[in-house]
Every structure is written in C-alpha cells, then in structure tokens.
Amino acid sequence: MKNNDKGDFQPTHVMPRPKESGKPGRPLKAYLAILTGEKAGSQYLIPRDSGTVIGRSSDCDIHVEDKDSSRQHAVIQPIGEEYYLRDMDSTNGTLINGRPVEKRILRHGDKITIGKQVLQFILLDPDGEPQANLT
C-alpha cells in the first residue's frame, strides 16, 4: 500500500484471503456491532454492493445518537475483497482502535469510535462464523 498526495491509501496489490470455511469462491460477510450508547447490542449488515454511511443524520444507513458525531461522519465502502472506512471530513474525526484515521482497510475486530459511540467491525465466513475470536 502507498499514500497518494492527499494521504489516502491506494492498494498496490490484493492478497488472496485464506479460505477458512472450506467453501472457495463465497464472499465474506461483514457487519457492525454497536458496543456503546442507546443502540448498544444492535448489529448492522454491511452490503457488498454499496457504501454504508454512519452519522447523526436520520438519513444515514447507520444512525448514531451522538452530538459529537457529524451528520454524515464516516462511510464503509467495499472495494474488491476488502472493506474500507473513510472519514467524511467530520468535525471530531474517526478513530480505529484508538487512532485517528482518514481512510483505512478494516480488519475483523476493529473498534471504530464516532463521537462517543464505539462500533466493532465483524467479518464472518460464508456460513456466518466469525473469522477469529474477539479479544
């Protein structure tokens, strides 16, 4: 991976994922689990065919009730076999595992902080089993 002039990561190549389910050719499923706030325990499937916008606006795909989040705070976009999170120029920024990010590939178990809300990115094999134990 390399950075362009704006600091965005550009993939230089795609590594094949190990086939943990034993069923080749079936895509992984992804979802976000809300860990804090009023919607703690909620889970949202991330579609493979479009971006998922997270923010304070009720028009967002994932609506978070948090005055410290922007109306359209961040988006998760599937690209190839990966899922990317991109901050949408939010006022207070987006953190992944406690570190500020503008754009980054998401990994199973990553914790995303938007305002005071914490969400966890979960990757499932085609049969719905987690890719790894969460710590």
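Our structure's up above, just so we're on the same page.
Residues numbered from 1 in each chain as written. Predicted model: local features only at pLDDT ≥ 70, side-chain atom pairs only at ≥ 80, totals over all residues. Heavy atoms only, no water.

**Q** Please set out the nonpolar core residue by residue, giving values where relevant.
**A** Within the largest apolar cluster, 20 residues are counted, with the highest numbers of intra-cluster contacts made by Leu32, Ile76, Leu85, Ile112 and Phe121. Residue assignment for this core shows that the elements contributing at least two residues are strand E3 (29-34), strand E7 (74-79), strand E8 (82-87), strand E12 (111-114) and strand E13 (117-124). If we ignore the near neighbours within four places in the chain, the residues touching Ile76 are Leu32, Ile46, Ser50, Gly51, Thr52, Ile54, Tyr83, Tyr84, Leu85 and Leu106. (Core = buried A, V, L, I, M, F, W, Y, C linked by side-chain atoms within 4.5 Å. Buried < 20%, exposed > 50% of the residue type's maximum accessible area, 1.4 Å probe, protein only. Helix = DSSP H or I, 4+ residues; strand = E, 2+ residues; numbered from the N terminus. Contact = heavy atoms within 4.5 Å.)

**Q** Describe the packing of aromatic side chains, listing the residues and the values that go with them.
**A** Inspection of the entire model under this criterion finds one aromatic pair. Directly above the aromatic system of Tyr83 lies the positively charged group of Arg48, at a separation of 4.7 Å from the ring centroid. Residue placement shows Lys103 over the ring face of Tyr84; its charged tip is 5.2 Å from the ring centre. (Phe/Tyr/Trp six-rings, centres within 6.5 Å; stacked < 30°, edge-to-face > 60°. Lys NZ or Arg CZ within 6 Å of the ring centre and 35° of its normal.)

**Q** Residue-level account of the pattern of salt bridges, with values.
**A** This model, assessed by the stated rule, comprises three salt bridges. Salt-bridge contacts for Asp68 lead to Lys116; the nearest nitrogen and oxygen are separated by 3.0 Å. One end of the pair, Asp68, is in the loop between strand E6 (62-63) and E7; the other, Lys116, is in the loop between E12 and E13, and 48 residues separate them in sequence. The partly exposed category is assigned to Asp68, whose relative accessible area is 22%. With relative accessibility at 57%, the residue Lys116 sits in the exposed group. Residue Arg107 is joined to Glu82 by a salt bridge in which the shortest nitrogen-to-oxygen separation is 3.0 Å. Here Arg107, found in the loop between strand E11 (103-105) and E12, pairs with Glu82, found in strand E8; they are 25 residues apart in sequence, far enough to count as distant. The exposure class assigned to Arg107 is partly exposed, which follows from its relative accessible area of 42%. (Salt bridge = Lys/Arg side-chain N within 4 Å of Asp/Glu carboxyl O.)

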